[in-house]
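Working through the structure, step by step
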Amino acid sequence: MSAIAPERAGVTTQASEESQPIRLAPNYWPFVIPALVVVGAVIVFPWAFTLWMSVNSWTLGQSRSFAGMENYLRLASDPRFWESLWHTLIYTFLSVVAPMFFGTVAALIFDARFALRGLLRGVFVMPMMATPVAVALVWTMMFHPQLGVLNYLLSLIGIPAQEWIFNANTVIPSLVAVETWQWTPLVMLIVLGGLASVPREPFESAEIDGANAWQQFRYLTLPMIAPFLMIAVIIRTIDALKSFDIIYAMTQGGPGTASETINIYLYNTAFSYYDMGYGSAMAVVFFIVIVALSFILLMLRQRSQWVETEGNR
């Protein structure tokens, strides 16, 4: 009996193991496929189609023909394209620097404790909530040489009237002023979040050592909030590069081509002149420029992160 029992036990154990259901590994593809379809339809296909159009000579209403690199060579010799690229870089640079400066100053002010601070913060961020087209229409009326309120205010202090967006020399600074007015609150909120995370102990030690306010900002506050500043720079650079609505609503790229950025020139080429092949080549080149700038900004972001890590050691 003792010799038979282990055999029966083994048979029973084997049978129980065979009777247990086999558990299969979970399959996540049914959840991933819809996302892949959306990405392919919204991102991959449009870019593939744009690349395909950029190597074709295609004007709407006419027959399409393969052009190879002709559209790209045409860009290299197009002075209007290079002018629009220069306008884009200048507009982007000013639209990043000005909000960064005023937003950082505003964050330092609102980081202090004073009466009605919460109410003033709410008022300060209100421009960011307005739609760009509405902002453009309001500022266009304010910039009017004869009827605008800005020239009226300047006349009260004896400054002659300015032409603002109606002059080729002042149109880009005027557009940058509108961009700065609307998006300085965003930079302020980002920097304010960084200031809220800064520890107070180093500042107390610096005060004991006799450091003044500028030294505390230069050697303590600025290095600690550098990662937040880089985040704000990246966001503002992306917004400024793709800015279209404010510029088009206020100037349509004018006067002449004085404020024509790549976005405006691309829009006019593709949807006003219906030259889809040339406009697609312009979009591809502009995408390469954006990728290059993004790579530079990411390198700077990594360096600011390294400074933050070294400071915490």
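This structure is a prediction, so every number in the text was calculated from the model and none was measured. (Residues numbered from 1 in each chain as written. Predicted model: local features only at pLDDT ≥ 70, side-chain atom pairs only at ≥ 80, totals over all residues. Heavy atoms only, no water.)

**What to know about the side chain of Thr261**
Put simply, the rule is: Per the convention used, a helix needs a DSSP run of H or I reaching at least four residues, while a strand needs a run of E reaching at least two, with both numbered from the N terminus. Whether two residues are in contact is decided by their heavy atoms: any pair within 4.5 Å suffices.
Within the element layout of this structure, Thr261 appears in the loop between helix H12 (245–250) and helix H13 (262–271). Beyond its immediate chain neighbours, meaning those up to four positions away, Thr261 contacts Ser84, His87, Thr88, Ser243 and Ile247.

**As for the packing of aromatic side chains**
Aromatic rings considered in pairs are described by the distance between their centres and by the relative angle of their planes. The condition is simple: Stacked, tilted and edge-to-face are the three classes applied to pairs of Phe, Tyr and Trp rings, where Trp contributes its six-membered ring and a pair requires centres within 6.5 Å; stacked means planes under 30 degrees apart, edge-to-face means over 60, and tilted covers the rest. Only protein chains enter the accessibility calculation, which uses a 1.4 Å probe; a residue whose area is less than 20% of its type maximum is buried, one above 50% is exposed, and one in between is partly exposed. Whether a charge sits over a ring comes down to the Lys NZ or Arg CZ being within 6 Å of the ring centre and within 35 degrees of the ring normal.
Per the counting criterion, the structure on display carries 16 aromatic pairs. Relative to Trp164, the ring of Phe143 has its centre 5.3 Å away and its plane inclined at 35°; by these criteria the two rings are tilted. Of this pair, Phe143 sits in the loop between helix H7 (132–142) and helix H8 (149–156) while Trp164 sits in the loop between H8 and helix H9 (171–196); the two residues are 21 residues apart in sequence, bridging distant segments of the chain. You'll find Phe143 and Trp164 in the same group, each marked buried. Lying over the aromatic face of Tyr278, Arg74 brings its terminal NZ or CZ to 3.7 Å of the ring centre.

**Some remarks on the environment of Ile235**
By the secondary structure assignment, Ile235 is in helix H11 (residues 213–241). Sequence separation between Ile235 and Val96 is 139 residues; the distance between their C-alpha atoms is 9.1 Å. Ignoring sequence-local partners within four residues, the contact set of Ile235 consists of Leu186 and Ile190.

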